[in-house]
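Structure at a glance
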Amino acid sequence: MLFASFLGLGLSVAIVGPTLQDLATNVNRNISSLSFIFVGRAFGYLSGSVIGGLLVYVMNYFLLLGISMLATTVGLYLVPFCKTAVLLTVMMCVFGTSIGVLDTGGNVLILALWGDKGAPHMQALHFCFALGAFLAPLLAKLALGPTASAENCTESDFHHPALNRSSEADSEALFGVPNDTNLLWAYAIIGTYMFLVSVILFGLFFKNSSKQEKTTASAQTSRRAKYHNALLCLLFLFFFFYVGAEVTYGSYVFSFATTHAGMKENEAAGLNSIFWGTFAVCRGLAIFFATCLQPGTMIVLSNIGSLTSSLFLVLFDKNPFCLWIATAVYGASMATTFPSGISWIEQYTTIHGKSAAFFVIGAALGEMAIPAVIGILQGKYPDLPVVLYTSLGASIATGVLFPVLYKLATSPLDHQRKENRKSEDQKALLSRSGLNEYEEENEEEEAEKWNEMDFEMIETDDTMRHSIIETSGSSSTEPTFHMKHLPETRTKGTNT
């Protein structure tokens, strides 16, 4: 059910992009003036991450995820009916809050169920998110079909009186049926899927309503690194740069390819698709890689791949062949970093709700801040490949931060292992000395027993010897009888 939830999460997040043109038409705005809905969604996502990090302590996991998915369902149903930009922004903020709770709660639940052994499950969870993000444009294309609004619409087209209603009519109607019912179907299909998953999660809650198993399990496996807070702060920065670079490249690679590299629109679209395609495929393969590779090893390989590919992107920014190859490698390298980072930190310090919310907030801030800054810089310096410089800078930042994270995480661990080894050696020595004393005591007791048995045997032998002597003395008067009849008795006894 977690995998199904994150599949719906990917669908919900990615459906906004391919339907943005239709949403702008629905609220009588152009795309450039409607971009602030992403800011509203990011703000809601930050709030939801904080709320989710706090609620995992007081609520059952299934109930929390079920409520968040139900709220996401309501948001998906209402978004196509919004007729004003302000209402659409508010709805996106509420929508972002619900998906922020779902994202934080899902990651914490994976760690609560499997702990530091859950690397394959964490990879599978985020693969489902990538799969949903990959399927959302296809679903939108099937539901919406090829429309004129999706092809080369300029900003002036949206101020045409035939397409837009007056500002007075726009202010009067807050909700209304969208002009294009296909937009409604696209959101309704995803909303229905989210509703079905929420119903099953509520069923799991009523079936397993006890929260004691969760608290006892987390208490038994709880551990805290010496530099716990420093690790969380550095992981905050690590995810800030990583997620910011991922979203920036995925969002601006199309415009970069058409304006800077001189590609056609279909080629630029293919470049964008190959980035997300290799991203999703590698997240799927990472499920199997995580069973034989440590999370730290996967992070190092990802850092090497992203650093190498982004360097090639900067050096050969106008070579189409290098752009295709480097973009594919860059998407594959970025795929496993986020789930591997969560699995890696869980090996050294236990991640609870607040800790998970903290670095999820870092990822959300990177997703919101870096693309916004890059958009401004790209407008001021159109001749420079600002997007590629951002990818290279983020790869350098994550490549530098991870060794520092590893040093802070492992240094106290080595010290603890040495202390544990000393204590184990002392216990072993004590146990061995105690065992030797026990063996010596047993040997002394056995020696005493054997001595007592020897004395008893000696006394028994003396008694038997005296009795035999007495018997022989008393029978000396009739020696002939015994010597004469003894062989016959033995012979008869043997024959019998």
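Residues numbered from 1 in each chain as written. Predicted model: local features only at pLDDT ≥ 70, side-chain atom pairs only at ≥ 80, totals over all residues. Heavy atoms only, no water.

As named in an unreviewed UniProt entry, the protein chain is Major facilitator superfamily domain containing 4B, taken from Rhinopithecus bieti. Of the protein chain, the UniProt comment under Sequence similarities (unreviewed entry) reads exactly: "Belongs to the major facilitator superfamily." Here the protein chain is described in UniProt, under the heading Subcellular location (unreviewed entry), as follows: "Membrane". (UniProt positions renumbered as here; feature names shortened; annotations may be inferred.)

The next point concerns the overall build of the protein chain. A tally of regular secondary structure across the protein chain gives 17 helices and zero strands. Counting every position in the protein chain, which comprises 496 residues, the buried fraction comes to 43%. Counting contacts in the protein chain only where the partners sit at least 6 residues apart, residues at least 24 apart contribute 86% of the total. With an accessible surface of roughly 26,100 Å², the protein chain has 65% of that area assigned to carbon and sulfur atoms. (Helix = DSSP H or I, 4+ residues; strand = E, 2+ residues; numbered from the N terminus. Buried < 20%, exposed > 50% of the residue type's maximum accessible area, 1.4 Å probe, protein only. Contact = heavy atoms within 4.5 Å. Areas by Shrake-Rupley, 256 points an atom, 1.4 Å probe, with all protein chains shown as cover.)

Glancing now at the nonpolar core. Residues Leu-23, Leu-34, Phe-239 and Phe-359 are the most contacted members of the largest nonpolar core, which totals 103 residues. By residue number, the principal contributor to this core is helix H10 (residues 228–259), which donates 16 residues. Setting aside residues up to four positions removed in sequence, Phe-239 forms contacts with Gly-244, Thr-337, Phe-338, Gly-341, Ile-342, Phe-359, Gly-362 and Ala-363. (Core = buried A, V, L, I, M, F, W, Y, C linked by side-chain atoms within 4.5 Å.)

Bringing the packing of aromatic side chains into the picture now. What describes a pair of aromatic rings is the distance from one ring centre to the other and the angle between the planes of the rings. For the structure on display, the rule yields 14 aromatic pairs. Their ring planes at 70° and their centres at 5.8 Å tell us that Phe-238 and Phe-239 sit as a pair that is edge-to-face. We note that Phe-238, like Phe-239, is buried. (Phe/Tyr/Trp six-rings, centres within 6.5 Å; stacked < 30°, edge-to-face > 60°.)

Take the environment of Leu-388 next. Structurally, Leu-388 can be placed in helix H16 (residues 386–474). For Leu-388, a relative accessible area of 0% translates into the label buried. Along the chain, Leu-388 and Tyr-252 lie 136 residues apart, while their C-alpha atoms are 9.8 Å from each other. With near-sequence residues (within four places) excluded, Leu-388 lies in contact with Tyr-249, Phe-256, Leu-313, Val-314 and Asp-317.

Take the side chain of Arg-41 next. Along the chain, the position of Arg-41 falls in helix H3 (residues 36–55). Glu-367 provides the closest opposite charge to the buried, salt-bridge-free Arg-41, at an N-O distance of 4.6 Å. Only 3.0 Å separates the side chain of Arg-41 from the backbone oxygen of Val-13, close enough to count as a polar contact. Residues in contact with Arg-41, not counting those within four places in the same chain, are Val-13, Val-16, Met-92, Cys-93, Phe-95 and Gly-96. (Lys, Arg positive; Asp, Glu negative; His and termini not counted. Salt bridge = Lys/Arg side-chain N within 4 Å of Asp/Glu carboxyl O. Polar contact = N/O pair within 3.5 Å; in protein donor to acceptor, adjacent residues only side chain to side chain.)

Here we take up empty space enclosed by the protein. For the structure shown, the criterion picks out one cavity of 30 Å³ or more. In this structure, the largest cavity occupies an estimated 70 Å³ of space. Taken together, 13 residues line the largest cavity, and the ones lying closest to its centre are Tyr-242, Asn-303, Ser-306, Met-334 and Thr-398. Taken together, the elements giving at least two residues each to the lining of the largest cavity come down to H10, helix H12 (295–315), helix H13 (320–334) and H16. Take the lining of the largest cavity: its biggest share by element is four residues, from H10. Partitioned by chemical class, the residues of the lining of the largest cavity number six nonpolar, seven polar and no charged. (1 Å grid on protein atoms, 1.4 Å probe; cavity = no way out; pocket = protein on both sides within 12 Å on 5 of 7 lines; lining within 4 Å. Points joined across faces, edges and corners; volume = space filled by probe spheres on them. Nonpolar A, V, L, I, M, F, W, Y, C, P; charged D, E, K, R; others polar.)

Here the focus is a nonpolar patch on the surface. Among the surface-exposed residues, Val-281, Leu-285, Phe-288, Phe-289, Leu-293 and Leu-301 lie close enough to one another that they form a single nonpolar patch of about 570 Å² accessible area. Per-element tally for the nonpolar patch: the top contributor is helix H11 (residues 265–289), with four residues. With respect to the helices, strands and loops of the structure, Phe-289 is situated in helix H11. (Patch = residues over 30% accessible without salt bridge, like charges linked within 9 Å, V, L, I, M, F, W, Y side chains within 5 Å.)

Taking 1.5 Å per residue as the helical rise, helix H4 (residues 61–78) with its 18 residues ought to reach 26 Å, and the 26 Å between its terminal C-alpha atoms agrees with that figure. Looking at H4, one finds that the buried residues are Tyr-61, Leu-64, Leu-65, Gly-66, Ser-68, Met-69, Thr-72, Thr-73, Gly-75 and Leu-76. Near the N-terminus of H4, the side chain that reaches the backbone nitrogen of Phe-62, with its oxygen 2.8 Å away, is that of Asn-60. (Expected span 1.5 Å × (residues − 1).)

In this section: H10. If you check H10, its first and last C-alpha atoms are 45 Å apart, about what 32 residues at 1.5 Å a residue would give, namely 46 Å. The sharpest bend along H10 comes to roughly 50°, located at Tyr-252. (Bend = angle between axes of the 7 residues up to and from the residue.)

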